[in-house]
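What follows is the residue order along each chain.
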Amino acid sequence: MLAIEVALLTGRYVATAVDDRGRAEWPPHPARLFSALVAAYFEALDRSDDEHAALEWLEQQGPPEITAPEAAAREVVTVFVPVNDTSVVGSLDDEALAVREARAGLDAARPKGGKALAAAEKALAKAEARFNEAVRKAIAPVPTGKEGKDGPAKAASILPERRTRQPRTFPSSAPAEMGSAAPHIVFAWPNAAPSPELRATLDALAARVTRLGHSSSLVSVRVRGDRPEPTWIPDDAGQGRVGDEAVLRVVGPGQLTALCTAFELQADTPGRVLPASFQRYVRPRAAGEASAPAPRFSDEWIVLRRVAGPRLPSVRGLDIARTVRKAMMAAHGPDAPEILSGHRASGGPSERPQLAYVPLPFVGSEHADGAILGVALILPRDATRDERLAVYRALDGWEQQRRDGDEEPPRLPVHLGRAGELILERLEEQAFQSTLRPATWCAEATSWASATPVALDRNPGELDARDPQKEAAAYAEAEATVATACERIGLPRPARVTVAPAAPLAGAEKARNFPPFQAGTPPLQRVLVHATLSFDAPVRGPILLGAGRYFGLGLFRPLRGDG
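Caption draft 1: How the structure looks around the sheet that holds strand 5 (residues 65-67). Read across the sheet, four strands follow the order 5-10-1-11 without closing on themselves; strand pairing throughout is antiparallel. Each having just a single partner strand, strand 5 and strand 11 (219-224) make up the two edges of the open sheet. Recorded for the sheet is a direction-independent mean angle of 20° between the axes of neighbouring strands. With six bridges joining them, strand 1 (residues 2-8) and strand 11 adopt antiparallel strand pairing. Within strand 11, the position partnered with Glu5 by the bridge is Arg222. Taken strand by strand, helix 6 (residues 196-206) contacts strand 1 and strand 11, and its axis lies near 170° from that of strand 11.

Caption draft 2: Layout of the nonpolar core. Ranked by size, the top nonpolar core spans 85 residues in total, and within it Val324, Met328, Leu355, Trp398, Leu533, Ile543 and Leu545 carry the most contacts. Ignoring anything within four residues of it in the chain, the contact list for Leu355 reads Met328, Ile339, Leu340, Leu377, Ile378, Leu379, Pro380, Val391 and Tyr550. Membership of the second largest hydrophobic core comes to 41 residues, among which are Ile4, Leu58, Leu198 and Leu259.

Caption draft 3: Just the side chain of Arg283, in detail. Among the secondary structure elements, Arg283 is positioned in strand 14 (residues 277-284). At 2.9 Å, the side chain of Arg283 and the side chain of Glu70 are in polar contact. A polar contact of 3.4 Å, which involves the side chain of Arg283, links it to the backbone oxygen of Thr231.

Caption draft 4: Broad picture of the confidence of the model for the chain. Of all residues in the chain, 81% have pLDDT values of 70 or greater, and the mean over the chain is 83. For residues 267-271, every residue scores under 50 in pLDDT, and the model assigns this stretch one contact once sequence neighbours within four places are set aside.

Caption draft 5: Here's a closer look at the pairing of strand 25 (residues 528-540). Where strand 20 (residues 444-450) lies against strand 25, five bridges are found, and the strand directions are antiparallel. Counted as the bridge partner of Trp448 is Leu533 from strand 25. Note: strand 22 (residues 496-500) against strand 25, five bridges, orientation antiparallel. In the sheet register, Val499 faces strand 25, and the bridge partner there is Ala531.

Caption draft 6: Highlighting helix 2 (residues 49-58). Listed as buried for helix 2 are Glu51, Ala54, Leu55, Trp57 and Leu58. The buried residues of helix 2 occupy one face: seen down the axis, they fall within an arc of 160°. Where helix 2 begins, the capping side chain belongs to Ser48, and its oxygen is found 3.1 Å from the backbone nitrogen of Asp50.

Caption draft 7: Local environment of the packing of helix 8 (residues 317-332) against helix 10 (residues 385-402). Put simply, helix 8 and helix 10 touch, their axes get as near as 8 Å, and they point 90° apart. The angle between the axes of helix 8 and helix 10 places the two elements in the roughly perpendicular class. Together, Val324, Ala327, Met328, Ala330, Ala331 and His332 of helix 8 and Ala390, Val391, Ala394, Leu395, Gly397, Trp398 and Gln401 of helix 10 make up the contact between the two elements. Among the residues making up the contact of helix 8 with helix 10, the classes are represented as ten nonpolar, three polar and no charged.

Caption draft 8: Fine view of helix 1 (residues 30-42). Taking 1.5 Å as the rise per residue, helix 1 with 13 residues should run 18 Å; its terminal C-alpha atoms sit 19 Å apart, in good agreement. A large share of helix 1 lies buried, amounting to eleven of its 13 residues. Looking at helix 1, one finds that the buried residues are Pro30, Ala31, Arg32, Leu33, Phe34, Ser35, Ala36, Leu37, Val38, Ala40 and Tyr41.

Caption draft 9: Just the packing of aromatic side chains, in detail. Counted according to the given criterion, the structure contains three aromatic pairs. With centroids separated by 6.0 Å and ring planes inclined at 65°, the aromatic side chains of Tyr13 and Trp26 adopt a geometry described as edge-to-face. With a gap of 13 residues between them, Tyr13 in strand 2 (residues 13-14) and Trp26 in the loop between strand 4 (20-24) and helix 1 connect regions that are remote in the sequence. Each ring, one from Phe297 and one from Tyr550, has its centre 5.8 Å from the other, and the planes form 65°; the classification is edge-to-face.

Caption draft 10: The arrangement of the environment of Ser48 in detail. Locating Ser48 in the fold gives a position in the loop between helix 1 and helix 2. Ser48 gets classed as partly exposed once you look at its relative accessible area, which sits at 24%. A distance of 3.1 Å separates the side chain of Ser48 from the backbone nitrogen of Asp50, its partner in a polar contact.

Caption draft 11: Focus on the pattern of salt bridges. Inspection of every chain in the model, using the stated rule, returns 17 salt bridges. Residue Glu425 is joined to Arg305 by a salt bridge in which the shortest nitrogen-to-oxygen separation is 3.1 Å. Highlighted residues: Glu425 in strand 19 (residues 421-426) and Arg305 in strand 15 (residues 297-308), separated in sequence by 120 residues. Since its relative accessible area comes to 31%, Arg305 is described here as partly exposed. Across the pair Arg426 and Glu399 runs a salt bridge whose closest N-O atoms are separated by 2.7 Å. Placement of Arg426 in strand 19 and of Glu399 in helix 10 is noted, with a sequence separation of 27 residues between them. Owing to a relative accessible area of 18%, Arg426 belongs among the buried residues under this scheme. Looking at Glu399, the relative accessible area reads 3%, which means it is buried. Each of the salt bridges in this network shares a partner with another, and the network as a whole consists of Glu5, Arg222, Arg224 and Asp226.

Rules and cut-offs
Residues numbered from 1 in each chain as written. Predicted model: local features only at pLDDT ≥ 70, side-chain atom pairs only at ≥ 80, totals over all residues. Heavy atoms only, no water. Pairing = 2+ DSSP bridges. Helix = DSSP H or I, 4+ residues; strand = E, 2+ residues; numbered from the N terminus. Axes fitted to C-alpha atoms, helices over the stretch in contact; angles between N-to-C directions. Contact = heavy atoms within 4.5 Å. Core = buried A, V, L, I, M, F, W, Y, C linked by side-chain atoms within 4.5 Å. Buried < 20%, exposed > 50% of the residue type's maximum accessible area, 1.4 Å probe, protein only. Polar contact = N/O pair within 3.5 Å; in protein donor to acceptor, adjacent residues only side chain to side chain. pLDDT = per-residue confidence, 0-100. Arc of directions from axis to C-beta. Parallel < 35°, antiparallel > 145°, perpendicular 65-115°, else oblique. Nonpolar A, V, L, I, M, F, W, Y, C, P; charged D, E, K, R; others polar. Expected span 1.5 Å × (residues − 1). Phe/Tyr/Trp six-rings, centres within 6.5 Å; stacked < 30°, edge-to-face > 60°. Salt bridge = Lys/Arg side-chain N within 4 Å of Asp/Glu carboxyl O.

Below is the structure:
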């Protein structure tokens, strides 16, 4: 076991979220800790081979568990910082670089002699002449009346009281108090087995780390001998509470080399260097806490995000889902398996759960407009290894057809006739848009609302009947059908179902705006309704109900708090 403790000496952590310059990062990302250790290593006057080897060992230990107190984001105040560099005095960098390059050319030509040496000497003379002329112009006084329109203002901007200012923000988090001790965070690798020498090397390196995040975020770092209970664990490290999650940057093999390469490429260009991969973290489930019931659909998603093409409303989801299915089957080739086609080899409908092609609409928030931001390929929870391989091979085949040179991942076109061509791209890391995150749709909740209408498995009768009794009977039948659909996908029967023609989520389209949907043998047109579900205890998503569930109809989103 290895545990590294970071004490926040100022009582706060100042770091900007990777996806939002106005928001604070919490908890601190493991990649930040590793970068701080690397910085301490390179700042040493006499770099240690043992420390280099220790960093290479650490990057191979995988994402750590994290123990961090709850923290409140402090109010972000915009401050205006004077700009230190001005353009009043022209830059001589280009001319100086030309002189250096000419001198290097002259050194290379000396052994050759002859015409090559003469040409190099001539090039150096020209470069030096241009540099001297540039210096002369830069320091020459400007004659009266020749200052130009902007000259006086630019010259005045050099003065401290006239210097221009740019807006800056410094988001920070204030962790909960920990008595008289400074708040601290612990990163732990429970399965790591460092030797005593390696542990001592890491401890000596950690002792030289003075900040984590912004330069004002002062810390004390040390290796500790015990491992506290984690508050965040990687989602593949144990059973966590799905939905209570964060996306953090972590490191892997080759991170030290990647940091060095990025630093060399960046040179003196201002900016941040933090190559990393993304890992979803969840809260660990308490001992004895029962796992919430889960449907037959899994949270193992392949997400294709929209990167170009028309911004289509959710009513076009069926067209998109069917076109993506057709492309996947074509990429697989003849004899596509049931997992892709939804049909048995004999031609009849599959009796096993199959791959769902689910367009993901932007719904459920203040500014939601219902636009489709991507498509999720959702595997059944009990999919076999061969079925999973068939899905991955079909997607890989589709990408191979569209790969242009070294493009990775390639762009995948979805042809939609007059609507145009939607361009999708496979997400290789956790998405920043909540709509494209599986956890958004797979969280645990007692209340759920439909983002797209349910295609009912049976006709409930006249939902718009003029006779109140017939209308009430039709709605009761529709609600019973939705409740049965929950049981069909492996969930408990909801305590309450409310069916309505209107959409319960902001941005979602009314059921009547969706095109007719037919299913079954023979094909029958299905009634489309929106619904809300209430369970006696939390259940997990994704919830896809009804006859159109494999094409994104009947997609539900969890409601948090009071909805």
